[in-house]
Structure formats: C-alpha cells, structure tokens
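# Report on the structure
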Amino acid sequence: MVRVVSIVVFVAVWWIGAQYAGAQLLPGPEAVVAAMIEAARTGELFFQIGITLLRVFCAFSLAMLVGTAIGLLMGRVKLADRIGDPWLIVLLNLPALVIIVLAFIWGGLTEVAGILAVAINKLPNTVVTVREGARALDPGLDEMARVFDLSRGKTLRHVVLPQLAPYIAAAARSGLSLVWKIVLVVELLGRPNGVGFEIGIAFQLFDVTRILAYALAFVVVIMAIETFLVQPLERRVSRWRPRAA
Amino acid sequence: MNDASPAGDPGQLDVRIARKSFTAATGGRLDVLRDVAFSLPRSEVGAVVGPSGCGKTTMLRIIAGLDTDFEGSVRRPGTGRLGMVFQEPRLLPWRTVEENVRLVAPAVSDAALSLLFGVLELEAHRAHYPGELSLGLARRVALARAFAVEPGLLMLDEPFVSLDEALARRLREQLVTLVETQAMTTLLVTHDLEEAVRLADRVFLLSARPAHLVTEIPLTIPRRARTEAEIAAMLGDLATRISNGGASVSQ
C-alpha cells in the first residue's frame, strides 16, 4: 500500500514538473508511456532490451562465478590473498570507463570484449565480498567435514557454499545494478544495438521522450527480476533460518 | 584383561603422544601434553578423565587426525570409519536433522536410521532444522550422526556438558544402549568422574597441564551389573588415586 502511494506521488511530481519544464526538456508520463507502447508495437523495444539483458546475464554470471572462486581462494589461502590483494586494489580503483576503452582497443569492438569489460568491472567487488565470507567460515564445521571424511565436492556444496550464501547474495544484489549500468555504457561506446545504443542515438537527436521510454522499460524489467527471481531465491536459500517473531 | 601393548591387536587404538606444544603468544613453547601413552582394546569404552583445560580436547583432535603437529604416533583401529561427537553439536544449520545425518552416512538404511532416532527420541524432529532444537536435542542429533556411520572408533568430547543432570543421565543410558548394540571402540573424554565410572570399561587418568597419564584403571564389573554401592566405591577409589597422583579433578 505504501509502495503504491509512493509510486503515485512520484508520477504526480513528474507530471507537475513536465508542465513547468515543457515537453522538450521533460515530457510528461503519458508521452513517455505512449512512446514505450509505440516501441513495443514495432518489436524494437523487446529486441533492444533482450539484447541488453543477454549481455547483463553473461557479464553478471561470469563475474559472479570467477569472483566467487577467487574470493574463496583468497579468503582461505594466505599466499593467494597476498598475491591477489594488490591486483584487487588496482581493479577496485580503476574507473569503469578506462577498462571499457582499453577492452575495446585491445579486443576490438567485439561482443566478447564488451562482456569481458563489464565482468572485469564487477569482479573485484564480488571478490572482496566473498573473501570476507570465506574468512568468516566456521572452522568447527570444517573439522566436522574432515572427521566424517566428506569428499571435497560435498564439503564445498553442503558445508562451505551455504555459509557463503549471504555474502554471495549481497554481491549479486549490488552486482545486478552495477552490471546493467556498465552494460549501457559499453553499448553506447562500442555496440551496434541494445538499450545503451538506443539512448546514445536519442541523445544525438535530443529525444528525451525516447531516453525516458527505454530507461523506464528497463527499470520495470529489473524490478520484475528482483521481485520474481531474486527475492524468491533468497527466501528459498534462507528457509532454514528461524523466523523472527 | 588383556594387556595393551603397542604391537597388539590391529583393532585396538594405540596412542603414543610424547609431546604436544603450542607457541605461546609471548613467544616460546607451551607444553600441553607430555607422555600420554595408552591403548584401548577393541570394543571397549575408555574414559579419559582429567581437570578442565588439561589438554583432553587437544588429545582428541590429535587422535582424530585434525592436528598432526605433535611428537609421537597414533594408530587408530584399522577398520571402520571415525565417528565423533564434538563438545558443541556442530550441525549444519541449513540441513534438517535427517539431512545432517544422511550427509555423513549416505549408506545408512532406513531401518537403521529409524532405530537410531527411536533410541535417541528424535523421531519427531527428523524434519526440523538445528536452529529449532534445544541444546539437548542438538547433542542427540550429533550422537545420531556419529552412530549412523557405524564407526570403528567413536570419540566423544564431553558430550553431556552443560545439560541438566536428569537429561544427561537419560542420554548416558541411550549412549550405553547404542554402544552395546554396535560393539565399537569408544573413547570418551570427560571431567565428570561419575560419568566415567558409569560408562567406561577402562579409565585413563590425566594430570593437570602439561597432561601426562597418571594411571590406567580397568573397571572389571560389567557396566550393566554395577550397583550403586559399587559405583560409589569406584568413585571413592578414583578420588583417592587422583589425590595421590597429585592431580585435581573437578566433580
């Protein structure tokens, strides 16, 4: 209920703002929705969002998978931590734009270079979060697994990963939003399609309606992913936790 | 009683720890165990008794192979797996009671599991998560887990500490039932003399830190046949030996 009121207030403020700023600078909600419907009718909207989502999915999965593995290694093995730490600091502080531009220069204006650039931007963040989790692993459970002679695979799956789950979830949450922002920059700079590319075109034509239409459509998609995918998954993973009274 | 020798039955447990030390925070070495050597014959229950903090848990970790940084040798019974009940239950909170047991004992039959849960009164808690259990229940699950692997050597580290006496007594009864049905070599660490006298076939007395073996006392009367009077007599005997041995053991 509160959420609905909040959204209504947002739309109202937007509408009032549009009356003052004029349609050129800030088109009203009805104009943006109309542009969205028009783009959806031609199929253009779904195609561009689909392409962007695919890139988000690839870069996100890559960064999470590799980042979790490196984070676990660095949290568990002192030597790995000492070797990896300076790299981590460099990557954490390297601006996204630098990584993207270098990736396109060295890898050409290709799909692989684009996705790699996004993944590398997200990677250090995942590593740091998962490393924190790996450092907090319960040595008692580790000993239990050793005494009962659990295989490495079983230990990883049933003892280690469930302990890391909250950290991986935190990395995934912040990761999804970070990745889609960077994917748009990559598309703007070096891809011939996607939401970022469309917004780039709209920018050159000073077509604010189109910019907002694509942004809004994408926000709806991301919110749907959050509500119907991320939250149920989190509930499932944490179903064993005693519920707060 | 067969005399335990280092080259004895391969089914027995041989412990020969010459020395175990830790590096102290201030530098230098701190001895925890000195000359702890004993053998536990196959299928017997041995109780290691010593004052709190004397290094009993350290000794168990060495026997379990969790700590290899010591002088000496340990030979575990050649057959069967290792079962261990830690001082804390150490259950996986994201797995139910039954899933916790089945993870370490995938080969356990439904019948064996039902029997085990029946004896330990866990039948109603199969589908519960450890977070929903009391400490007493969680300890019983830890016992069930250790028994489910049908271990060749079962080790228990003060499994009933910080439980109320009535519950501890019931759990001891359950432990005796299980140990006798499965006929496994069992090493129990405790600082409770009465627990040792009620459960063990053989008591190993450790001194205060650095712990060494003060004496080994075989209890010849079978566990089930011990009367309250005999238990009281054994307790008195143990207490005398402890004061003569210069070690102090809390009751």
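## With respect to the overall build of chain B
- Check the secondary structure of chain B and you find seven helices and nine strands.
- Its C-alpha atoms give chain B principal-axis dimensions of about 50 × 50 × 35 Å.
- Looking at chain B residue by residue over its 251 residues, the buried ones come to 43%.
- Sequence separation of at least 24 residues holds for 75% of the intrachain contacts in chain B that already meet a minimum separation of 6.

## Here's the deal with the pairing of strand β5 (residues 82–85) of chain B
Residues and elements named next belong to chain B.
- Every second residue of β5 is oriented toward a common face, with L82 and M84 on one face and G83 and V85 on the other, all of them buried.
- Sheet analysis places β5 next to strand β6 (residues 153–157), joined by four bridges and oriented parallel. For L82, the partnering residue across the bridge sits in β6 and is L153.

## A look at the sheet that holds strand β4 (residues 71–75) of chain B
Residues and elements named next belong to chain B.
- Here three strands make up an open sheet; going across it, the order is β2-β1-β4 and the pairing antiparallel. Strand pairing shows two members of the sheet lacking a second neighbour, β2 (29–40) and β4, which therefore form its edges. Direction aside, neighbouring strands of the sheet carry axes that sit 20 degrees apart on average.
- Relative to β2, strand β1 (residues 13–23) runs antiparallel, the two sharing 10 bridges. Each residue of the ladder has a partner; that of V15, found in β2, is F38.
- Lying on the sheet, helix α1 (residues 56–63) is in contact with β1, β2 and β4; it crosses β1 at an angle near 120 degrees.

## Thoughts on helix α5 (residues 96–107) of chain A
All names here are of chain A.
- Compared with an ideal rise of 1.5 Å per residue, which puts 12 residues at 16 Å, α5 spans 16 Å between its outermost C-alpha atoms and is within 8% of the ideal.
- Of all the residues in α5, the buried ones are I99, I100 and A103. For α5, the buried positions fall inside an angular range of 100 degrees around the axis, keeping them on one side. Opposite the buried face of α5, at more than 90 degrees from it, the exposed residues are V98 and I105.
- Next to the buried residues of α5 lie α6 (111–135) and α8 (152–190).

## A word on the interface of chain B and chain A
- With 17 residues of chain B at the interface, the matching set in chain A holds 15 residues.
- Those elements that provide at least two residues to the side of chain B that touches chain A are β5 and α2 (97–104) of chain B.
- Residue composition of the side of chain B that touches chain A, grouped by class: 12 nonpolar, one polar and four charged.

## Here's the deal with the domain arrangement of chain B
Residues and elements named next belong to chain B.
- Segmentation of chain B into domains returns domain 1 (33–80 + 152–245) and domain 2 (93–151).
- Between the C-alpha centres of domain 1 and domain 2 the distance comes to 24 Å.
- Contacts between domain 1 and domain 2 engage 14 residues on the former and 11 residues on the latter.
- Secondary structure elements with two or more residues in the side of domain 1 that touches domain 2: β6 and α5 (165–182).
- Broken down by element, the side of domain 1 that touches domain 2 gets its largest block of residues, seven residues, from α5.
- Here the residues of the side of domain 1 that touches domain 2 sort into nine nonpolar, five polar and no charged.

## Here we look at the nonpolar core
- The biggest cluster of nonpolar side chains holds 122 residues, and the ones touching the most others in it are V179 of chain A together with A144 of chain B.
- Of all the elements, α8 of chain A adds the most residues to this core, at 14 residues.
- Inspection of this core shows a minimum of three residues originating in each of domain 1 (33–80 + 152–245) and domain 2 (93–151) of chain B.
- Ignoring anything within four residues of it in the chain, the contact list for V179 of chain A reads V56, A59, F60, V118 and K122 of chain A.

So, how was this worked out
- Residues numbered from 1 in each chain as written.
- Chains lettered and ligands numbered in written order.
- Predicted model: local features only at pLDDT ≥ 70, side-chain atom pairs only at ≥ 80, totals over all residues.
- Helix = DSSP H or I, 4+ residues; strand = E, 2+ residues; numbered from the N terminus.
- Buried ≥ 20, exposed ≤ 12 C-beta atoms within 10 Å, placed from the backbone.
- Contact = placed C-beta atoms within 7 Å.
- Pairing = 2+ DSSP bridges.
- Axes fitted to C-alpha atoms, helices over the stretch in contact; angles between N-to-C directions.
- Expected span 1.5 Å × (residues − 1).
- Arc of directions from axis to C-beta.
- Nonpolar A, V, L, I, M, F, W, Y, C, P; charged D, E, K, R; others polar.
- Domains from an automatic or database assignment.
- Core = buried A, V, L, I, M, F, W, Y, C linked by C-beta atoms within 7 Å.

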